[in-house]
Amino acid sequence: MDEIYMNLAAHLDRLPGGFPKTESGVELRILRRLFSPAEAEVATCLQLSPETADIIAARAGIDSAAMADMLEAMSRKGLILRSEKDGVPLYMAAQFMIGIWEYHVNELNEGLIRDVNEYIPHLMKERWGKQKTRQLRVIPVSASIRAEIEVMPYEVAEKIISAQSKIVVAPCICRKEHHLMGKGCNNPMETCLIFGGSAYYYERNGIGRSISIDTALDILRQGMESGLVLQPGNAQKPSNICMCCGCCCQILKNIKTFEHPADVVCTSYYAEVESETCIGCGACVEKCQMNAIEMDETARVDIRRCIGCGLCVAACETDAVHLVQKENQDRWVPPKNTAETYLRIIAERRSMNF
């Protein structure tokens, strides 16, 4: 039985998001909670490109009709991805994070939460922290962008949202799981914006609701007013925007534990303080999610910890803090789409042999 789940773990680890093994075997406990043995075997037959049930059945040596039923059920459970072309269902592998874990936002229980919270720091250290291209990037909140800074459309959350034809909002799984464990914060819960084909998947599985562009912009505004970090998918045409808090977000919480968080995020900005204008009120220190700002008589930014979110800029009433755009060679230019992001991650992992 363990072999089935070990095979699935190895399969998931070959996907861009990774799923590295641990000494404790907590990753196998997670898979046992989510997949039946039969589902685990089927999941190892899926690839990172959409295919028909017939193709997957032939690869697995399983009856086509039975495979179609199982794939449909697994997609409903958030174990694999489903799309459609010309009315024909297509199925593909789902990563553990960002993917399977988030698709279980309505199926959380204490055991699963404990196991995932034990596992994610290991996942972040062994995969996220080692590769150059991450699944998410950080963009500044609009209130922090000065007029003289030339900002690309893919760096402006409002422009990303306004370009969408299909938007779904879903609960933040990080804040939800913290609330279920009695550790939640007071930040808004419905803050995950999902776009395009991913939005249809969320809506079909009942883990998100369809909203208009105007409603999405309202949610964005509420998130920024609450001091949430904007993390869209790492592509010029992202499939999502996450709005994250440092107290609950599994990404930010674990990035914060790195000595230099700036080294493990994809961003084009960092904050800088004009000491002659700073009055030492500490508002920027309070807003910073990375402990990147220290207060002596005036504020001082450690750019090795700054992730360029701009929350400190928006919080400063004297305009003493501003964002600085990195030099051209250091600016982050995301891949054109999510598929290119995944291909780049896979290439980086192969070149670094992990």
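### Overview of the environment of Tyr 269
1) Next: Tracing the backbone through its elements, the reader meets Tyr 269 in strand S8 (residues 269-273).
2) Next: Distance from Tyr 269 to Leu 311, taken between C-alpha atoms, is 12 Å for residues 42 residues apart in sequence.
3) Next: Residues within four places of Tyr 269 in sequence aside, it is in contact with Pro 140, Ile 149, Glu 150, Val 151, Glu 155, Ile 307, Gly 308, Leu 323, Val 324, Gln 325 and Lys 326.
4) Next: Separated by 3.3 Å, the side chains of Tyr 269 and Gln 325 make a polar contact.

### So, the pairing of strand S11 (residues 321-325)
1) Next: Along S11, five of the five residues are buried, which leaves the element largely enclosed by surrounding structure.
2) Next: By the alternation rule, side chains of S11 split into Val 321, Leu 323 and Gln 325 and His 322 and Val 324, which are all buried.
3) Next: Alignment of S8 against S11, held across five bridges, turns out to be antiparallel. By the bridge assignment for S11, Ala 271 is matched with Leu 323.

### What to know about unusual backbone geometry
1) Next: The amide bond that connects Met 97 to the next residue, Ile 98, takes the cis arrangement and shows omega of 5°.
2) Next: Despite not being glycine, Asp 86 has its phi angle at roughly 55°, a positive value.
3) Next: Looking at where Asp 86 falls in the secondary structure, it is placed in the loop between strand S1 (80-85) and strand S2 (88-93).
4) Next: A positive phi angle, close to 55°, is found at Asp 319, a residue other than glycine.
5) Next: Mapping Asp 319 onto the fold places it in the loop between helix H14 (311-315) and S11.

### Things to note about empty space enclosed by the protein
1) Next: Enumeration according to the criterion identifies five cavities of 30 Å³ or more in this entry.
2) Next: The calculated volume of the largest cavity comes to roughly 120 Å³.
3) Next: Contributing to the lining of the largest cavity are 16 residues, with Cys 288, Cys 306, Ile 307, Cys 309 and Cys 312 lying nearest its centre.
4) Next: Among the residues making up the lining of the largest cavity, the classes are represented as eleven nonpolar, three polar and two charged.

### Some points on the sheet that holds strand S4 (residues 190-195)
1) Next: Strand order across the open sheet formed by five strands is S5-S3-S4-S7-S6, with antiparallel pairing between neighbours. The sheet is open, and its two edges are formed by strand S5 (209-211) and strand S6 (229-232), each paired on a single side. With direction set aside, neighbouring strand axes in the sheet form an average angle of 30°.
2) Next: Where strand S3 (residues 167-171) and S5 come together, three bridges link them in antiparallel fashion. Counterpart to Val 169 in the pairing with S5 is Arg 209.

### A look at the packing of aromatic side chains
1) Next: Enumeration according to the criterion identifies five aromatic pairs in this entry.
2) Next: Measuring from ring centre to ring centre gives 5.8 Å for Tyr 103 and Tyr 202, while their planes differ by 80°; the resulting arrangement is edge-to-face. You can see Tyr 103 sitting in helix H6 (residues 96-103) and its partner Tyr 202 sitting in helix H10 (residues 196-204), a full 99 residues away along the chain. Residues Tyr 103 and Tyr 202 agree in their burial class; the two are buried.
3) Next: Here the aromatic cluster, defined as three or more aromatic residues joined through ring pairs, consists of Phe 19, Phe 96 and Tyr 119.

### Details of the packing of helix H4 (residues 53-60) against helix H5 (residues 64-76)
1) Next: The N-to-C vectors of H4 and H5 enclose an angle of 115°; their axes lie 9 Å apart at closest approach. Judged by the inter-axis angle, H4 sits roughly perpendicular to H5. As for how H4 packs across H5, the hand of that crossing is right-handed. Of the residues in H5, those touching H4 at Ala 53, Asp 54, Ile 56, Ala 57 and Ala 60 are Ser 64, Met 67, Ala 68 and Leu 71.
2) Next: Here the residues of the contact of H4 with H5 sort into seven nonpolar, one polar and one charged.

### Re the environment of Phe 19
1) Next: Along the polypeptide, Phe 19 turns up in the loop between helix H1 (2-13) and helix H2 (26-34).
2) Next: Spatially, the C-alpha atoms of Phe 19 and Ala 9 are 6.3 Å apart, while their sequence positions differ by ten residues.

### With respect to helix H15 (residues 338-352)
1) Next: Over its 15 residues, H15 runs 21 Å from end to end, which matches the ideal 21 Å to within 8%, given 1.5 Å per residue.
2) Next: Buried residues of H15: Thr 341, Ile 345, Ile 346, Glu 348 and Arg 349, and no others. The arc enclosing the buried residues of H15, seen along the axis, measures out at 160°, which places them on a common side. For H15, the exposed residues set more than 90 degrees away from the buried face come down to Leu 343, Arg 350 and Ser 351.
3) Next: The elements touched by buried residues of H15 are H1 and helix H7 (110-128).
4) Next: By the N-cap criterion, in which a side-chain oxygen at the helix start approaches the backbone nitrogen of a residue two or three places on, H15 is capped by Asn 337, the distance to Ala 339 being 3.2 Å.

### Side note on the pattern of salt bridges
1) Next: Counted by the stated rule, this structure contains 21 salt bridges.
2) Next: Residue Arg 204 pairs with Glu 72 through a salt bridge whose shortest N-O separation is 2.3 Å. Of this pair, Arg 204 sits in helix H10 while Glu 72 sits in helix H5, and the two are 132 residues apart along the sequence.
3) Next: Taking relative accessible area as the criterion, Arg 204 reaches 30% and is therefore assigned partly exposed.
4) Next: The closest approach of N and O atoms between Arg 300 and Glu 294, which form a salt bridge, is 2.5 Å.
5) Next: Several salt bridges share partner residues, and in doing so they unite Glu 72, Arg 76, Arg 82, Glu 84 and Arg 204 into one network.

Thresholds applied
- For every chain, the first residue of the written sequence is number 1, and numbering continues from 1 onward in sequence order.
- Local features in this predicted model are restricted to residues of pLDDT 70 or higher, and side-chain atom pairs are both shown and tallied only at a pLDDT of 80 or more, whereas totals for entire chains, interfaces and linings draw on every residue.
- Side-chain descriptors were evaluated using all non-hydrogen atoms of the structure, hydrogens and water having been removed beforehand.
- Put simply, DSSP H or I for four residues or longer makes a helix, DSSP E for two residues or longer makes a strand, and each gets a number counted from the N terminus.
- Contact between two residues is taken to exist if any of their heavy atoms lie within 4.5 Å; hydrogens are not considered.
- The definition of a polar contact used here is a pair of N or O atoms within 3.5 Å, where within protein one atom must be able to donate a hydrogen and the other to accept one, and adjacent residues in sequence count solely through side-chain atom pairs.
- For each residue, the accessible area found with a 1.4 Å probe, counting protein chains only, is set against the maximum for its type, and the residue is called buried under 20%, exposed over 50%, and partly exposed in between.
- Should DSSP find at least two bridges between two strands, the strands are taken to pair.
- Whether a set of points on the 1 Å grid over the protein atoms alone is a cavity depends on a 1.4 Å probe fitting there but being unable to get out, while an open set qualifies as a pocket with protein on both sides within 12 Å along at least five of seven lines; lining residues are those with an atom within 4 Å of a point.
- Grid points are joined across faces, edges and corners, and a volume is the space filled by probe spheres set on the points.
- Amino acid classes used here: Ala, Val, Leu, Ile, Met, Phe, Trp, Tyr, Cys and Pro are nonpolar; Asp, Glu, Lys and Arg are charged; the rest, including Gly, are polar.
- Think of each axis as a best-fit line through the C-alpha atoms, taken over the contacting stretch in the case of a helix, with angles from 0 to 180 degrees between the N-to-C directions.
- Two rings from Phe, Tyr or Trp (for Trp, the six-membered ring) form a pair when their centres are within 6.5 Å of each other. A pair whose planes differ by under 30 degrees is stacked, one over 60 is edge-to-face, and the rest are tilted.
- Roughly parallel means an angle under 35 degrees; roughly antiparallel means over 145; roughly perpendicular covers 65 to 115; every other angle is labelled oblique.
- Left-handed describes a crossing in which the near helix is turned anticlockwise from the far one by less than a right angle; the clockwise case is right-handed.
- Multiplying one less than the number of residues by 1.5 Å gives the expected span of a helix.
- Arc definition: it is the arc formed by the directions from the helix axis to the C-beta atoms.
- Salt bridges are defined as contacts in which a side-chain nitrogen from Lys or Arg sits within 4 Å of a carboxyl oxygen from Asp or Glu.

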